[in-house]
Amino acid sequence: KTLADAGFNPQTNNDEDWPPFKGEYGAAWTVLRPFHDKTTQEKTAYLATWKIGQTLSGDTADNRLLSRFYRIGGKDFQGNPITKEHAAESVKQLCNDAFTAGIELDRSSLDALEASFAKVIDAPCFLRAWHFSPENDPDRKIQQFVIKTERQLRKDSKNGAAGRTTRAPF
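Reading the values: the criteria
Residues numbered from 1 in each chain as written. Predicted model: local features only at pLDDT ≥ 70, side-chain atom pairs only at ≥ 80, totals over all residues. Heavy atoms only, no water. Helix = DSSP H or I, 4+ residues; strand = E, 2+ residues; numbered from the N terminus. Expected span 1.5 Å × (residues − 1). Buried < 20%, exposed > 50% of the residue type's maximum accessible area, 1.4 Å probe, protein only. Arc of directions from axis to C-beta. Contact = heavy atoms within 4.5 Å. Salt bridge = Lys/Arg side-chain N within 4 Å of Asp/Glu carboxyl O. Core = buried A, V, L, I, M, F, W, Y, C linked by side-chain atoms within 4.5 Å.

A.B. asks: Help me understand helix α2 (residues 84–100), please; the structure alone is not making it clear to me.
C.D. replies: Residues spaced three or four apart along an α-helix point in a common direction, a consequence of the helix completing one turn every 3.6 residues. Over its 17 residues, α2 extends 24 Å from the first C-alpha to the last, a length consistent with the 24 Å expected when each residue adds 1.5 Å. Taken together, the buried positions of α2 are occupied by A87, S90, L94, C95, D97 and A98. Down the axis of α2, the buried side of the element spans an arc of 160°, and every buried residue falls inside it. Opposite the buried face of α2, at more than 90 degrees from it, the exposed residues are E85 and F99. On its buried side, α2 packs onto β1 (23–36), β2 (43–58), β3 (65–71), α3 (110–115) and β5 (142–148). Downstream of α2 by one or two residues, G102 has phi in the positive range, about 95°.

A.B. asks: Please explain the pattern of salt bridges as it appears in this structure.
C.D. replies: What the rule picks out here adds up to five salt bridges. Across the salt bridge formed by R68 and D97, the nearest N and O atoms sit 3.0 Å from each other. Taken together, the positions of R68 in strand β3 and D97 in helix α2 put the pair 29 residues apart, joining distant regions of the chain. In terms of burial, R68 and D97 fall into one category: buried. One salt bridge connects R107 with E104, and the closest N-O pair in it is separated by 3.3 Å. Overall, E104 belongs to the partly exposed group, its relative accessible area being 47%.

A.B. asks: Which parts of the structure should I look at to understand the nonpolar core?
C.D. replies: A general tendency of soluble globular proteins is for nonpolar side chains to be buried together. In this structure, W29, L32, W50, L94, L105 and L127 are the most contacted members of the largest nonpolar core, which totals 27 residues. Broken down by secondary-structure element, the contributors of at least two residues to this core are β1, β2, β3, α2, β4 (124–132) and β5. Leaving out residues up to four positions away in the same chain, L105 has contacts with L94, C95, A98, L113, S116, F117 and V120.

Structure (structure tokens):
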């Protein structure tokens, strides 16, 4: 009644536009944990998330999040079962990404690997992000990214990392 008396009328929710972006960024690794399928409770992936803290070059993307699933079980995006070979490649990619960020994960056992995930939390790193559209769906944009070392950054990004950025500092 209070809402009606105040003249409230419901409105459709508006989603913020989160367009894809391209560039190089300073980021921090914020999440690395096992991911379980909601229906089967099977551990199907390791979920990793990074938060961009500084745009070094390209599109401004401060405070944006990027996530990646390292698939170790379940099915892929086409519905095919994840093979042991694919799972092994996913774990290798996870270890390579952590190593590129300056962290070596413990690979002595599965339990040790997962226990060492805590080492990457808040670890600074650099990302290069880009996007593309599939040929059969030109309106769809797929965001991609790769972990980089500071040495691998482009010259204009290194200048941005040193404080010479075209963005306002606030």
